[in-house]
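Observations on the three-dimensional arrangement
Now for the letters of each chain:
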Amino acid sequence: MATPIGNLGDLSPRALAVLGAADAVLCEDTRVTGLMLQRYGVSATLVPLHDHNEAEMIPRVLAMIEGGQRLALASDAGTPLVSDPGYRLVRAAIEAGVPVTAIPGPNAAVVALTLSGLPPHPFVFLGFLPPKDGPRAAAIARHRAAERAGLSATLVLHEAPHRLAETLAALAEGLGGERPACVARELTKRFEEVRRGSLAVLAAHYANEAARGEICICVGPAPEETTGAADLDAQLRAAMEGQSLRDAAAMVAAATGLPRKQVYARALELAGRG
């Protein structure tokens, strides 16, 4: 079940009713969820479930359900499983034949996307990028390779305030400083801010002004590029890095509008099979 990302008024009546009726609430941090329930006058048994204990908790949770208990799963804020624990538990429950349903509600990534002014669909959600420079640059390069292979989508990701400036600088370097973007922070809270501009402008701003609170970054899709022979080869090479030759050719053909046979033939040549 989704819980507020800042404004407690965003907890739905249905979510409140389910929380009150649950035999136990699985939560990322019992202190955070306990404070929220206290504000609503709800008393519930709270069971910790987080990244460090999720695997060992799965058998216990499934046994509780098999014993007839109804359990609710909540993260500290927003929708569980989206950059939060719960995926392994939900997968195990499905495999065990346990009925699973969801109580929809707040989600920071979607709220940021709707406020960004950038194309809302398609979009790609990357969660948190790696915190260290090398792996982060590699992750950005993989996304750029997918763009060169034809992906055109708005990018949405989370970031911690102390890494915001360096992440924006890395995105500007890897994707292009002119790319339109926005930084959305403290969403639904009193000091909500949505700052829009190019990646280069945003990187320069936050290099001189420390950010606070929970942060989402949105980056607009790559500009459309004309596909010449060199561009086609670059797109094929990028696509072939992580896919079979046939799948790479199909992806590039769909992205460029070129005949599939022509693209596949060129892919064979690049792979040394032509």
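Residues numbered from 1 in each chain as written. Predicted model: local features only at pLDDT ≥ 70, side-chain atom pairs only at ≥ 80, totals over all residues. Heavy atoms only, no water.

Moving on to the sheet that holds strand 3 (residues 71-74). Overall, parallel pairing links the three strands, which are arranged 2-1-3 in an open sheet. The open sheet has two free edges, formed respectively by strand 2 (46-48) and strand 3, since each of these has just one partner strand. Averaged over all neighbouring strand pairs, the angle between strand axes comes to 30 degrees, with direction disregarded. Alignment of strand 1 (residues 24-27) against strand 2, held across three bridges, turns out to be parallel. The partner of C27 across the bridge, within strand 2, is P48. The strands that helix 2 (residues 30-39) touches are strand 1 and strand 2; relative to strand 2, the one it contacts most, it runs at about 160 degrees. (Pairing = 2+ DSSP bridges. Helix = DSSP H or I, 4+ residues; strand = E, 2+ residues; numbered from the N terminus. Axes fitted to C-alpha atoms, helices over the stretch in contact; angles between N-to-C directions. Contact = heavy atoms within 4.5 Å.)

The strand order across the open sheet built from five strands is 4-5-8-6-7, with neighbouring strands paired in mixed fashion. Unpaired on one side and paired on the other, strand 4 (123-128) and strand 7 (193-198) mark the two borders of the sheet. Across this sheet, the average inter-strand angle for adjacent strands is 15 degrees, counted without regard to direction. Where strand 4 meets strand 5 (residues 154-159), five bridges bridge the pair, whose relative direction is parallel.

Our next topic: the UniProt feature "domain: Tetrapyrrole methylase" (unreviewed entry) in the chain. Summarizing the sequence annotation, UniProt attributes the feature "domain: Tetrapyrrole methylase" (unreviewed entry) to residues 3-201 in the numbering used throughout. Secondary structure within residues 3-201 divides into 41% helix and 18% strand; the distance between the first and last C-alpha atoms comes to 33 Å. (UniProt positions renumbered as here; feature names shortened; annotations may be inferred.)

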